[in-house]
Amino acid sequence: MWTPTEDEKIGVVICNFRGSVTQGLALEVGETVQILEKCEGWYRGFSTRKPNVKGVFPASYVHLKKAIVTNRGPHETVVPLEDPIVTEVTSTLQEWALLWKQLYVKHKVDLFYKVRHVMMELIDLRRQLLSGHLTQDQSRDVKRHITVRLDWGNEHLGLDLVPRKEFEMVDEDQISVSDLYKMHLSSRHSVQQSTTQGDNARQRHGEPCRVPVPHHLLVNLKSFTYNSIGEDTDIFFSLYDLREGKTLSEKFMVRLNKNGGPKNPEKVDRLCALFTDLSNKDMKRDLYIVSQVIRTGRMLLNDSKKGPLHVQYRRPYGCAVLAMSDVLQTISELKEEKDFVLKVYTCNNENEWYQIHENIIRKSSTKYTAPSTNYGLIISLQLLRGDMEQVRRENPLIFSRGVAITRKLGFPDVIMPGDIRNDLYLTLERGDFERGGKSVQKNIEVTIYVLYADGEILKDCISLGSGEPNVPEHRSFVLYHNNSPRWSEVIKLPIPIDRFRGSHLRFEFRHCSTKDKGEKKLFGFAFTPLMREDGTTLSDESHELYVYKCDENTTFSNHALYLGLPCCKEDFNSCPNIPSSLIFQRSMKETFWISTQLSSTKLTQNVDLLALLKWKAHPDRVMDILGRLRHVSGEEIVKFLQDILDTLFSILDDNTDKYGPLVFQSLVFIINLLRDSKYYHFRPVMDTYIQKHFAGALAYKELIRCLRWYMDRSAEVVRQDHIQEAMRALEYLFKFIIQSRILYSRATCGMEEEQFRTSIQELFQSIRFVLSLDSRNSETLIFTQGPQPCPGPNQVPGPGAGLPAPLALAPAPGQPQSTVLGQVPGSGQANCTQAVSANALRPTPLSAALLNSFPAIFDELLQMFTVQEVAEFVRGTLGSMPSTVHIGQSMDVVKLQSIARTVDSRLFSFPESRRILLPVVLHHIHLHLRQQKELLICSGILSSIFSIIKTSSLDTSVQEEVEMMVESLLDVLLQTLLSIMSKSQSQEAVRGQRCPQCTAEITGEYVSCLLSLLRQMTDIHFQHLMENFQSKDELKEFLLKILCVFRNLMKLSIFPRDWNIMRLLTSNIILTTAQYLSPALHKNFTEADFDFKVWNSYFSLAVLYINQPSLQLENLSPAKRKKVLDKYGDMRVMMTYELFSMWQNLGENKIHFIPGMIGPFLGVTLVPQVEVRNIMIPIFHDMMDWEQRKNGNFKQVEAELIDKLDSLVSEGKGDENYRELFGLLTQLFGPYPSLLEKIEQETWRETGISFVTSVTRLMERLLDYRDCMKGDETENKKIGCTVNLLNFYKSEINKEEMYIRYIHKLCDMHLQAENYTEAAFTLLLYWELLHWDERPLKEFLHYPAQTEWHRKEGLCRKVIHYFNKGKCWEYGIPLCRELAFQYESLYDYQSLSWIRKMEAAYYDNIMEQQRLEPEFFRVGFYGRKFPFFLRNKEFVCRGHDYERLEAFQQRMLGEFPQAIAMQHPNQPDEAILQCDAQYLQIYAVTPVPDSVTVLQMDRVPDRIKSFYRVNNVRRFRYDRPFHKGPKDRDNEFKSLWIERTTLILTHPLPGISRWFEVEKRELVEVSPLENAISVVENKNQELRTLISQYQHKQLHGNINLLSMTLNGVIDAAVNGGIARYQEAFFDKEYITSHPEDTEKITQLKDLMQEQVHILGVGLAVHEKLVHPEMRPLHKKLIDQFQMMRSSLCHCFYVSLQGLPGLDKSGSGPNTPRGILATHGPMSPESFKLMHRHSPIAVLTPVRNSSSSLSSHNSSEMGNVGNLLILADGMVVEHPEDFYRMQASLSSSSLSSTHSAPSQMINSAPSTIRVGSPSLPDKYRHNREMLMLLPPHRERPSSAMYTNITDNGQPPNFQRALFHQVIGPCKPCSDPNLSVAEKVLTTPSSWSLDSGTREALPFLSSHVGSVMAPPVPPRNLPQVSPAPYTCLAHQSTVHPGWQ
């Protein structure tokens, strides 16, 4: 039985469950499930991903989690009981997972891998948190790492920024808007731990609170690989500052044995040290790690004779250095150790040993020797940051390895309390010793001892370096044969404090002999006491010690014998009468130098400090001792702080009257010293002293008295330095006062309480007196310090920054006014004086110091007074400050900072004190805001106030305080925001402003303050606010201000895009405020009091509000959308209801907002929210109805609606549903009737319905345009969409301005895609609209104001330029003529000359420049997934240069990645048309030019004709072969038919687009015989052109193409060549059964005959050019040709017998014998004669397909219409479509296509046509060329050709043909082209579409009658026919000549 669960409420799926049982719930690993019921090992519940789907699942598949359940029952809420940050990580990772995969899809691979890495880190960190094994500090650190990564990922994935507090998400309902704003800022800039409120306050007011974070360098010695020493070694590491030439740190010592391992086996892998307390300044020094290697062994390493084995000497060996600058960046970025190798250099001269490291650094290579290998010391480095406790916590492993702590020499920058230290650093510098009668110099060793007063040697008081234990004595290293050794060896003496006094150092000097015994002979000593007789320690300097003689037998058992001797010169001077008869005699020529440095927190070297601590010994010097305290260094004072304070108060108790002021001054000096950042951490020591050790119960009286005396004297004295110092020390003075009073009260049971209160009140009166000086003397105060930069708005002069300059004050009341000028001490000159009222002046130093310290005393006062009493004290004090703002900006800063600290104090958190203090605080803020002064500080104060009030409002009522703030601040806040926003918009920064008043930061501050205030306001506050306005003008001004601010908030995007929480809260506050303001607007400004400005402002706000991006919930993820709706609801709907309600309240005043508000309201309806649209639609009906009433139509509404609709949708707004909604084609739901329903009820229903229908169709096109433009769509889709919209504006809506705008948009797209021809045609559309008039035109788009004539002229020039760039000069020439006519009519000959030259240049370009013929492709777009303008339509597209079918297909599939390519050319069925998919059908098509006259003219060069074949084309053809009837296995050509499809476009190509829609399809079938005629005809033309190109080739040149072509025709290996046509169509049976084909059979026969003769000419040319090695091939071709010709002759003879109606005599021109006939050659003169009127020949293309005569080539036949004169005298008719032949270079002359059409399977290279050949100088091979000309014969059946004239002379076209075949043969194309490239191919049969204009008139479809016909000669003279004579034979050519 299923029972509801009690504890098992939520769990995580740990195993996939398919849900295969009844009502099973399918689950995946990681899903969270909420459990409702349980039953026998099964749970019933739902996944949080799909809460609506409930089901059952096994209990074992779920891991249960603890949870908190609220509202138990069917609607219960379950929240997991876990760390909120764990929950956030879980939900965030789930959200990231979806976006992360998309990164890979979008090719953002780098970000993909980064996000993956961060996700894995988050999973690991989350696991650590869940483990529960972390300490609090570790847990905090893990959370910090988590939040850093979460915020990083959210930012890079475009998600919202999460505001946090203590690493956890904040609840915006629990904090003020100001705090939320700051949290957003801190989360954005840094995810570090938030500082406490007090710290924030200190930072804002400039107090030093940030302690410099020290650095620590971890050095780990991995190994010493330089093994050639073979002795024990000591290695010392230290940090060295090259710039200052001194060692910065102690030494780290490592002892290694002779094998290179540590001497102490326990230290294996533990040879590491931590160099601590390196400051930022240290890290910027020129630091080096210096490593010195000292060996212990023989005197000379390589000389075994020097010294016995048992005597060991410490000897210098080598040194290594590493520059920190080289490695610092590397180790700073890494969080782990990094290895480095240090080369060890040896010293060439031991005299230089002390500076070997400097020589190595400076690369003085002569002074050291480099190692022979690169090996040396291998060390690893790691840089750590933070105080030592933090470093220990974060790196426990380092400290577990026994790391050696290596400190700085001296104290660090920050001396931490409790850091007890007593170290004396001793440096053995150098010595000068006598030779002592030796022939060589000594080997001197120094032994150091530390001895106590009784002569005992102190144990373990010498440290050679960290890492090794202390030793009782130290022996220095020995420098070989050196009487003046320089060691520079530093050792540390950690002597206990109790042993320090009376101890001394003794230095014993021994000569180390290298003889056999190896003795170390003592020859002298030196000593020095550690403490002088006055109690001070040895000073930090170099000391020259006397050397006393002694010998080996000397014992030092009685140390008194030498302690009485002077140790140094200073000692000798102090006791000159030393008896000379002592045991030890000083060696006058020998000296020894040492230097010392003391780092001690207990011992001092300062005499004055020592005298103070021992004042009772000299009571008569107390005054002097107290006065000298100021000269004691800060380090000494903080070391003895407690002792000094005890001493001062004991002096005060001893004689208050006498010593009181001096003790007060000393106390002030010490307090101010602790304000320095270096000693700031000693403040807790001071606090501890006051609380636990201070015992001055009577001190408060004297302290109060002194303090009052100082303040009361402030108006009289000129130098106020000591008063300022007292003011700065006010906080701790009060601490002492209050603690003293508490001690006194305890001791006396509260006696003298009243006197104490009175004295405090009097003290506050004195404070007010000081502050009131500024207001009384604000115009007379004089500064004695020159102008200096003033501190910023949140800065004050820092502590320890030096004392301010003396200030001359006005005299006391009653005295004459005078001004005293002081001088800055040491300046030597008076500074210029300036009045306080100047903005650049500093504040009075006294009042500034007082105001800075004043808020710090509140907490102390609260110990003795009630909250109200302290608040009254403070109010009175703040009230005494000057209210004027003009007394000086810096004074304002100090004053406001004091107020800010007051607000941040604990006092202000009490409601009872806040009610007292708030009015005076608001008063000062109001004054500054009104003057626009110090805005940043004011915003900080307001933020703090709002934060406190918000926190208090959760527990108590804050109505009274909010009321005060509304009255004081609301209006001035609005005014301030308007001012800031206007400045930020205009970007005019005011010079000299100290605060960034126009930055986004300060704008955000004030916006958050305003929102905080509005959020706290309730109904009562708004009601009181409205009642307080005295007039409607005031109310109007207020409404305009607040509405303007709200509008700016919407427009200016004050908060960044990812601050979604902040934006939503802002929207909620604005909505609530608008709901409160709406009644006031309706009540006061309707009907007679209507005010358009206020209402318009309100409507504008509402529109902006509804459209703001943060409220568009459709863009959010489902989970986030639900969260927003649960918290706020859909705020767009609420505001829309408000908007509609206010609109209804307007009544007749609605007409004022027509048409102005149409656009904005339309923007609201474009929001994809159904309810919003339903509410807004009736407003449009209202608008149409009101304009209909007023004007009788609604043209304004219509025009404005279309304009706005266009602009809004173009911006990316609107969606598919909107079109249906606006047209109301579907049933709408909601409280309002549809627009169409409303219109149908009106009298103007027809125009209204027509309008709505038109707008709906416009929406279709606009939405397609929007989708193309906003997506990553290709240019083709954008262009096609724009063309679609452009045509709609022209044809249906007739909006000329919109039409012209889209013309230019389309033109820009074409230019971007480099479609210059299309860009020109597009601009022609605008050109057409203009006339050659002088009508003035306004400025429009990028056109200036100008006349219509000039605009049209400019457009014309631009169009011509684009045609030129597109190489369509034929289109540009008529425009040139048009311009020329205009220039000529205006007598503008200069322009006329220019345009005529351009026209001439275009003619030259046509004849000379190479142009590529494009391919054309037919594309079908099938399926409902395509955009509206493509859906289920077919287009023909003009391809790019060099673009073949495969490339075009790839491009189209790239533009439509979801599309499927159809593999057949058949028309798709209805299922494909209606499916929700995309299908693309692409194949190539051939352009079919309309009957352009130029193509039929004989003398026009093919270079010209080629343009008209592929331009202005509207018809395109596509052929598909198929077999009809039974297929003949022996000869398939008998049944091979061609299905020819002709596509007719809506517009010719090229045009305003590269593609146009197919308007009509035509389908015809071509019979096998017709196909054969076409194929043979094309092959003949190919051969003719090819042979003509080879006429003047050089001998033995490259004739491969000619050879292959001839071989492919003569010896057709594939499909049998033309012999198969003979078998198929010259068979008697076929002729008999197809009598209707007689004429066609004859035509085929003629073409075959023609081919034979052309082949004969080709063989003749081949014979002359063939290389000798290729002669066998030529001979084979000749033999094959003879066989082919014989076969044809026989076949023709046989077939002719079967043709009816033929002349049986065989004497006709078609008899076989005519085939073999020849004629004589023609002379060059006849060539010249014929050339005179002949056109330039064109090289006919050759196609690279699989056969030379393909069966489907009829698809590409051209139309020439000439006759060919065959060499045998027979005249055959040149077939139609001659130039569109298709041929190949294979060995087959005839092929058929059996399977799919070649258009779908082949992509041969496209056509490239080159220029025409030029006329050669000489003519050879005339006979061969003549053979290419077929003789003319009469053919009455051909009406296309001109017959021979009556007198027997041939017409001109024969001469033209003769020239066309044999004429100019020199190609004008690129000379670098190969033969194969010059013999060019026709368009591929895959070719897709193309198109041009209709033939005549030119450009008729776009330009109209303005354009001239396409470039024909204007009026060519008629050429009269001339006899066709062959001059060489002096005979006339007649038809049928043999």
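Since we're looking at a predicted model, the values are computed, not measured.

**Observations regarding the overall build of the protein**
Here is step 1: In terms of helices and strands, the protein carries 64 helices and 43 strands.
Here is step 2: By residue count, 56% of the 1938 residues in the protein fall in the buried class.
Here is step 3: When contacts within the protein are restricted to residue pairs at least 6 apart in sequence, long-range pairs at least 24 apart make up 76% of them.
Here is step 4: Accessible area of the protein: about 83,800 Å², with a carbon and sulfur share of 50%.

**Notes on the nonpolar core**
Here is step 1: Membership of the largest hydrophobic core comes to 205 residues, with the highest contact counts inside it found for Phe1099 and Phe1161.
Here is step 2: The dominant element in this core, judged by the number of residues it contributes, is helix α30 (residues 959-986), at 13 residues.
Here is step 3: With residues near it in sequence (within four places) discarded, Phe1161 still touches Phe1099, Val1103, Leu1139, Trp1143, Met1176, Ile1179, Phe1180 and Met1183.

**Overview of the sheet that holds strand β26 (residues 486-493)**
Here is step 1: Pairing is antiparallel across the open sheet formed by 8 strands, whose spatial order is β25-β24-β27-β28-β29-β30-β23-β26. The outermost strands of the open sheet, each flanked by one partner alone, are β25 (473-475) and β26. Averaged over neighbouring strand pairs, the angle between their axes works out to 25° when direction is ignored.

**Points about a nonpolar patch on the surface**
Here is step 1: A cluster of nonpolar side chains, contributed by Ile68, Val79 and Leu81, occupies part of the molecular surface with about 260 Å² of accessible area.
Here is step 2: Here Ile68 is to be found in strand β7 (residues 67-70).
Here is step 3: Taking the relative accessible area as the measure of exposure, Ile68 reaches 44% and is therefore partly exposed.

**Observations regarding the pairing of strand β24 (residues 444-451)**
Here is step 1: The buried count for β24 comes to 8 of 8 residues, which makes it a mostly enclosed element.
Here is step 2: As paired strands, β24 and β25 are joined by 3 bridges and run antiparallel to one another. Across the sheet, Ile448 pairs through a bridge with His474, a residue of β25.

**Focus: the sheet that holds strand β15 (residues 272-278)**
Here is step 1: Strand order in this open sheet of 5 strands is β18-β21-β11-β15-β22, and the pairing throughout is mixed. What marks the edges here is a single partner per strand, and that holds for β18 (338-342) and β22 (404-406). Each neighbouring strand pair of the sheet contributes to a mean axis angle of 30°, computed without reference to strand direction.
Here is step 2: As judged from the 5 bridges shared by strand β11 (residues 215-224) and β15, these two strands associate in the antiparallel manner.

**Section: the packing of aromatic side chains**
Here is step 1: Taken as a whole and assessed by the stated rule, the structure comprises 71 aromatic pairs.
Here is step 2: Ring centres 6.2 Å apart and planes at 70° place the aromatic pair Tyr1098 and Phe1099 in the edge-to-face group.
Here is step 3: Since its relative accessible area comes to 3%, Tyr1098 is described here as buried.
Here is step 4: Feature note: the residues Tyr700, Tyr744, Phe756, Phe764, Phe854, Phe858, Phe865 and Phe873 constitute an aromatic cluster, connected by ring pairs.
Here is step 5: Here the basic side chain of Arg486 rests over the ring of Tyr354, its NZ or CZ set 4.3 Å away from the ring centre.
Here is step 6: We note Arg586 situated over the ring of Tyr546; from NZ or CZ to the ring centre the distance is 3.6 Å.

**Describing the packing of helix α46 (residues 1316-1329) against helix α47 (residues 1348-1365)**
Here is step 1: Here α46 crosses α47 at 165°, and the two axes come no closer than 8 Å. Between α46 and α47, the interaxial angle falls into the category roughly antiparallel. Handedness of the crossing formed by α46 with α47: left-handed. Taking contact as the criterion, the partners of Tyr1316, Thr1317, Ala1319, Ala1320, Phe1321, Leu1323, Leu1324, Tyr1326, Trp1327 and Leu1329 in α46 are, on α47, Glu1348, Arg1351, Lys1352, Leu1355, Cys1356, Lys1358, Val1359, Tyr1362, Phe1363 and Lys1365.
Here is step 2: Considered class by class, the residues forming the contact of α46 with α47 number 14 nonpolar, 1 polar and 5 charged.

**Some remarks on the pattern of salt bridges**
Here is step 1: On inspection of all chains with the given rule, the structure shows 81 salt bridges.
Here is step 2: The partner of Lys38 in a salt bridge is Glu8, with the nearest N and O atoms 3.1 Å apart. You can see Lys38 sitting in strand β3 (residues 32-39) and its partner Glu8 sitting in the loop between β1 (3-4) and β2 (10-13), a full 30 residues away along the chain.
Here is step 3: Measuring nitrogen to oxygen at the nearest pair gives 3.1 Å for the salt bridge that ties Glu1539 to Arg1520. Taken together, the residues Glu1539 in strand β38 (residues 1536-1549) and Arg1520 in strand β37 (residues 1513-1523) connect sequence positions 19 residues apart.
Here is step 4: In this structure Arg1520 comes out as partly exposed when scored by relative accessible area, which is 23%.

**Comments concerning unusual backbone geometry**
Here is step 1: Cis geometry is adopted by the peptide bond preceding Pro1550, which originates at Leu1549 and carries an omega value of -5°.
Here is step 2: Topologically, Pro1550 is positioned in the loop between β38 and β39 (1555-1566).
Here is step 3: One non-glycine residue, Gln23, lies in the positive phi region at around 60°.
Here is step 4: Tracing the sequence through the fold places Gln23 in the loop between β2 and β3.

**Thoughts on the side chain of Arg285**
Here is step 1: Locating Arg285 in the fold gives a position in the loop between α6 (280-283) and β16 (287-297).
Here is step 2: Here Glu244 takes part through its side chain, which lies 3.1 Å from a polar atom of the side chain of Arg285.
Here is step 3: Among the polar contacts listed, one links the side chain of Arg285 to the side chain of Asp282, at a separation of 2.7 Å.
Here is step 4: With residues up to four places along the chain from it excluded, the contact list for Arg285 reads Asp241, Arg243, Glu244 and Leu248.

**Quick notes on the state of the cysteines**
Here is step 1: In the structure shown here, the tally under the stated rule is 0 disulfides.
Here is step 2: Not engaged in a disulfide, the cysteine Cys1009 finds its nearest cysteine sulfur in Cys938; these two sulfurs lie 9.8 Å apart.
Here is step 3: Assessed through its relative accessible area of 0%, Cys1009 is described here as buried.

**Remarks on the pairing of strand β21 (residues 377-385)**
Here is step 1: Of all 9 residues that make up β21, 7 are buried, and the element is covered over most of its length.
Here is step 2: Here β11 runs beside β21; their pairing, made up of 9 bridges, is antiparallel. Counted as the bridge partner of His216 is Leu384 from β21.
Here is step 3: Note: β18 against β21, 5 bridges, orientation antiparallel. Note on β21: the bridge partner recorded for Leu342 is Leu377.

**Remarks on the environment of Asp7**
Here is step 1: Looking at the element boundaries, Asp7 is found in the loop between β1 and β2.
Here is step 2: Taking relative accessible area as the criterion, Asp7 reaches 67% and is therefore assigned exposed.
Here is step 3: Spatially, the C-alpha atom of Asp7 lies 9.3 Å from that of Lys65, the residues being 58 residues apart in sequence.

**Quick word on helix α18 (residues 656-673)**
Here is step 1: Look at α18: 24 Å from first C-alpha to last across 18 residues, which is about the 26 Å you get at 1.5 Å a residue.
Here is step 2: At Leu662, α18 shows its largest bend, some 25°.
Here is step 3: Restricting attention to buried positions, one finds in α18 the residues Tyr659, Gly660, Val663, Phe664, Ser666, Leu667, Val668, Phe669, Ile670, Ile671, Asn672 and Leu673.

**Topic: the packing of helix α2 (residues 109-131) against helix α3 (residues 136-156)**
Here is step 1: With their axes 10 Å apart at the nearest point, α2 and α3 run at an angle of 155° to one another. It follows that α2 is roughly antiparallel to α3 by the angle criterion. The chirality of how α2 crosses α3 is left-handed. Mapping the contact onto sequence places Leu111, Lys114, Val115, Val118, Glu121, Leu122, Leu125, Arg126, Gln128 and Leu129 in α2 and Ser139, Val142, Lys143, His145, Ile146, Arg149, Leu150, Trp152 and His156 in α3.
Here is step 2: Taken together, the residues that form the contact of α2 with α3 break down as 10 nonpolar, 4 polar and 5 charged.

Conventions and cut-offs
Residues numbered from 1 in each chain as written. Predicted model: local features only at pLDDT ≥ 70, side-chain atom pairs only at ≥ 80, totals over all residues. Heavy atoms only, no water. Helix = DSSP H or I, 4+ residues; strand = E, 2+ residues; numbered from the N terminus. Buried < 20%, exposed > 50% of the residue type's maximum accessible area, 1.4 Å probe, protein only. Contact = heavy atoms within 4.5 Å. Areas by Shrake-Rupley, 256 points an atom, 1.4 Å probe, with all protein chains shown as cover. Core = buried A, V, L, I, M, F, W, Y, C linked by side-chain atoms within 4.5 Å. Pairing = 2+ DSSP bridges. Axes fitted to C-alpha atoms, helices over the stretch in contact; angles between N-to-C directions. Patch = residues over 30% accessible without salt bridge, like charges linked within 9 Å, V, L, I, M, F, W, Y side chains within 5 Å. Salt bridge = Lys/Arg side-chain N within 4 Å of Asp/Glu carboxyl O. Phe/Tyr/Trp six-rings, centres within 6.5 Å; stacked < 30°, edge-to-face > 60°. Lys NZ or Arg CZ within 6 Å of the ring centre and 35° of its normal. Parallel < 35°, antiparallel > 145°, perpendicular 65-115°, else oblique. Left-handed = near helix turned anticlockwise from the far one by under 90°. Nonpolar A, V, L, I, M, F, W, Y, C, P; charged D, E, K, R; others polar. Polar contact = N/O pair within 3.5 Å; in protein donor to acceptor, adjacent residues only side chain to side chain. Disulfide = S-S within 2.5 Å. Expected span 1.5 Å × (residues − 1). Bend = angle between axes of the 7 residues up to and from the residue.

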